[in-house]
Amino acid sequence: MITITINGKEVHLDKQMTVLEAAKTAGIKIPTLCHHDLLKPYGGCRLCVVEVERMPKLQNSCTLIAADGMVIKTESDVISKVRREILELLLINHPLDCPYCDKAGECELQDLVDKYGPTVSRYKEEKRQVPESHADQIFTRHMGRCVVCTRCVRMCENVQGASAISIVGRGNHSRMEPFSPTSFNCEYCGNCLTVCPVGAILSRLYIHSFRPWQVDKEIETICPYCGVGCSLFVQVRDNSIKRVIPRLGKGLNKGLLCSRGRFGYEFIESNERLKNPLIRKNGKLEQGTWDDALHLIANKLTEIKKAHGGKAIAGMASPRCTNEDNYVFQKFMRMACRTNNIDSISRTGFAAAQNYIEDLLGQGVTSNMISGLKVIVIGNAKGLERFKTLAVVPPVFKEADTLELLLTNIYKAKGVRGEKAAVDKMVREMIEKPAGIEIKEMDELVKMLLEGNSISIVLGMDLVQRSDGHRSLFAIAALTYLLEARLFLLSEKPNEQGLIDMGCVPDMLPGGRPLDIGDFKHKFESAWKGSIPEDSGLTLLEMIEGMNNKNIKALYIMGENPAFNLPNGSHIKDALKSLDFLVVQDIFLTETAELADVVLPALGWAEKEGTYTNLERRVQLLKKAMHSSTVMEDWKILADVSSMMGYDMDYASSEKIMEEIAKVSPLYRDLTYKEISSGDCLWPYHGEPLRGELHKVPITAGLTRDYKADLYLSPEKPLFHSGTLSRRSAALRKICPEPALKISAPHAGKLGLKEGDRVEVSTAQGSINVSISIDDSIKDNRVLLGNNFEGRGVYNLLSYKIDAITKAPGIEGCEVKIERKQ
């Protein structure tokens, strides 16, 4: 225990820290400009100086380590004089343009001058003149205001790892500049905005549009993009989002954001938003009333149910909708429509992976808190280039063989654990097969894993989208078991875990209760006051085949776009067109909605309340920041249709839905919004996770297919876009306005292609025209294309073969031809 005295107050410290940090724990604020809690101590601005007994000079509190017995003063006449003189020096060049500067009201320099002075300047020299730069599409630079605290540079280099900016010039001419001549050419995370203490770097999204004190409200909520579930604060004025920012120490992101989280919010106010229901009349979608649309849906679904049974109806839930939306959706499908044909796009990756792995290792094996140390990459992960300790590049589409070889080596070194006999037996059976490949980094990889004290395995969904994806999943599950590792499933949508936990899968009820176990089924039937269908439901791609063979007559889609987001788009569209009745409930007129018989507009993120469950299985609160009077919540639309079909669901709010979930699901017992709002609501909450025997999961021999083509097409996960939502964000489209085909430099050279060339990309499924982008991180003969932009998505060029075990689509091995366009 370290005891120090600050301003006469005794402070007890249980670990070593700086004097600045110690003062903060005691509620004593010491002024700084160069220090930031996200950055390492720097000691540049000298504003944090303090007096320490028995030390002859003032000390920098941000770099001075607190020692037992220290007596410290943070305020005195001497200290105030030094701070005033430092500020006076800064103001020699800093322009006095506070009334014009967008940072006014939250400028740290402004606050310090207000407290310490000076009131007038003794210096008569002309201020340095640095031209403003508005060349970048997102950031503006006002380097005349820069105080050279280097926060932005240290954030970019040491925390974000982008190293896109630096301090240039010397002495009086020092300032921050990006390495590229005009734009920043960076990750556009905007974390430099967070740490800049003055108005030197600003966002063009809100410049000259408001002042901080003009914000009507600031709402803490959850990011609408990926499954990490970052916390962010939405600042609203006149029912319009002006800015999205993080807060230091809040949420999993602890004050950091990515480009999509910070700048991708504009979709919510897009002019393309649906405002009224659309009903197909004479082959065209025309505006209709809510009453007409809901009655038409209820009547048609009832008619199909009576004529063909509930198994002729299917539903697709959404990983972008809340837990409450998805809970009501599966309840509506099971009780009103009388079907278990319920699934989502998550079947193509996350849902398939989790189902397989939990069958082997038990529920909750992927529920782990996020952290990280050394990074080993197997395959291509461009975002980890700067952080990786070791990279292993398997032969093209041979990830399963590589993982099985790794498992064999780990097993030979460690042997079985003996805790799960079924898994031990399956591992022994698997390693008897010949590996078939050699990996030169294998010995080093095995050594690092065996010597690691705490192993985390992060599984990307690309490995699931293989016709033999279950092989990779088994190897990953077995490695998790043998290494006693923590396993994370990457999620590209904000609520993939939540929709699974809410029962939006064909074989599970809310809380992960198997549908085929009578005791669980009867409990839900009692709570829902009706019987749940006995027939087994279909998975996503089984539904597609059911539509093509006319077994599925009606489909209800909530917040999803399968016509664009599933491979072999023409096949998917044909299946949707073959339906007798298609309902799409969304916020935009998507490629799928254009095919619908009825389109219903719904509230989007920032307009509704509810909860998301992130990839840790942490339940988090989504809060309403904006008001809309023309559309309804997804759950409210479903409840209204259900009532018209004869099954009443009457909820006053999303909170009431969560109260029902907490009553009917053993996993969510007694869970409340109040507890969820704390941010610490982790699996298994107060409930009972399912415990039981492991399933015998079949393992197949490795496929013998050879990949001899010159080039193969694969999906890219672009940094600046996520699905089709981000294409309605003006800022993200400025950063990345159109798709680009990523190709390695050697293969570009063979084809005579250079950066920016226009090419035609052709497969057996079709062709599109895009530009070329040369990517040094690609080490094999794959070319990568995203699935984000209208008419130019990669999935429309890919075919698929269903993995018979996971039911996910295998999309590997798509041969591609690239021709330069003149």
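Rules and cut-offs
Residues numbered from 1 in each chain as written. Predicted model: local features only at pLDDT ≥ 70, side-chain atom pairs only at ≥ 80, totals over all residues. Heavy atoms only, no water. Helix = DSSP H or I, 4+ residues; strand = E, 2+ residues; numbered from the N terminus. Rg over C-alpha atoms; globule rule 2.2 N^0.38 Å. Buried < 20%, exposed > 50% of the residue type's maximum accessible area, 1.4 Å probe, protein only. Areas by Shrake-Rupley, 256 points an atom, 1.4 Å probe, with all protein chains shown as cover. Lys, Arg positive; Asp, Glu negative; His and termini not counted. Charge placed at Lys NZ, Arg CZ, Asp CG, Glu CD. Core = buried A, V, L, I, M, F, W, Y, C linked by side-chain atoms within 4.5 Å. Pairing = 2+ DSSP bridges. Axes fitted to C-alpha atoms, helices over the stretch in contact; angles between N-to-C directions. Salt bridge = Lys/Arg side-chain N within 4 Å of Asp/Glu carboxyl O. Phe/Tyr/Trp six-rings, centres within 6.5 Å; stacked < 30°, edge-to-face > 60°.

**Q** What's the story with the overall build of the protein chain in this structure? I'm lost.
**A** What the protein chain contains, in helices and strands, is 23 helices and 36 strands. Taking 822 residues into account, the globule formula puts the C-alpha radius of gyration at 28 Å, and the protein chain, at 29 Å, falls close to it. Reported as C-alpha extents along the three principal axes, the dimensions of the protein chain are approximately 90 × 65 × 65 Å. Burial analysis of the protein chain (822 residues in total) assigns 59% to the buried set. Roughly 34800 Å² of accessible area belongs to the protein chain as shown, and the carbon and sulfur atoms make up 49% of that amount. The positive charge centre, built from 106 side chains, and the negative charge centre, built from 105, are 3 Å apart in the protein chain.

**Q** Is there a simple way to think about the nonpolar core in this case?
**A** A general tendency of soluble globular proteins is for nonpolar side chains to be buried together. Membership of the largest hydrophobic core comes to 115 residues, with the highest contact counts inside it found for Leu-301, Phe-332, Ile-357, Leu-459, Tyr-556 and Leu-600. In terms of residues, this core owes the most to one element, helix α13 (residues 469-482), which gives nine residues. Membership of the second largest hydrophobic core comes to 64 residues, among which are Leu-112, Phe-139, Ile-219 and Leu-725.

**Q** I keep staring at the sheet that holds strand β12 (residues 240-245) and nothing clicks. Help me out?
**A** Strands in a sheet are paired, the pairing made by backbone hydrogen bonds, and the direction either parallel or antiparallel. One open sheet accounts for three strands, arranged β10-β11-β12; its pairing is antiparallel. Strands with a single pairing partner mark the edges of an open sheet, and in this sheet they are β10 (217-222) and β12. Neighbouring strand axes in the sheet, compared pairwise and without regard to direction, differ in orientation by 30 degrees on average. Note: β10 against strand β11 (residues 231-237), six bridges, orientation antiparallel. What sits directly across from Ile-222, in β11, is Ser-231.

**Q** Please clarify how the pattern of salt bridges should be interpreted in this entry.
**A** When charged atoms on two side chains of opposite charge get close, those side chains can pair. What the rule picks out here adds up to 51 salt bridges. Linking Glu-738 and Arg-758 is a salt bridge whose minimum nitrogen-to-oxygen distance equals 3.5 Å. Of the two residues, Glu-738 sits in the loop between α22 (730-735) and β29 (740-743) while Arg-758 sits in strand β30 (residues 758-763), which places them 20 residues apart along the sequence. Using a relative accessible area of 32% as the deciding quantity, one classes Glu-738 as partly exposed. In this structure Arg-758 comes out as partly exposed when scored by relative accessible area, which is 33%.

**Q** How do you make sense of the pairing of strand β1 (residues 2-6) when you look at a structure like this?
**A** In regular strands, side chains alternate between the two faces of the sheet. Only one face of β1 is covered, namely the one carrying Ile-2, Ile-4 and Ile-6; the face carrying Thr-3 and Thr-5 has none of its residues buried. Alignment of β1 against strand β2 (residues 9-13), held across five bridges, turns out to be antiparallel. Residue Thr-3 lies in a different strand from β2, and its bridge partner there is His-12. The hairpin turn running from β1 into β2, its antiparallel successor, is two residues long, and Asn-7 in that turn takes a positive phi close to 50 degrees. Where β1 meets strand β5 (residues 71-73), two bridges bridge the pair, whose relative direction is parallel. Directly across from Thr-5, in β5, lies its bridge partner Val-71.

**Q** Before we go on, may I ask you to explain the packing of aromatic side chains in this structure?
**A** In this description, an aromatic ring pair is defined by two values, namely the gap between the centres and the angle between the planes. Under the counting rule described, the total for this entry stands at 15 aromatic pairs. Judged by centre distance (5.4 Å) and plane angle (80 degrees), the rings of Phe-397 and Tyr-712 are edge-to-face. Placement of the pair is Phe-397 in the loop between β18 (390-392) and α10 (399-414) and Tyr-712 in strand β28 (residues 712-715), with a sequence separation of 315 residues. With respect to burial, Phe-397 and Tyr-712 carry one shared label: buried.

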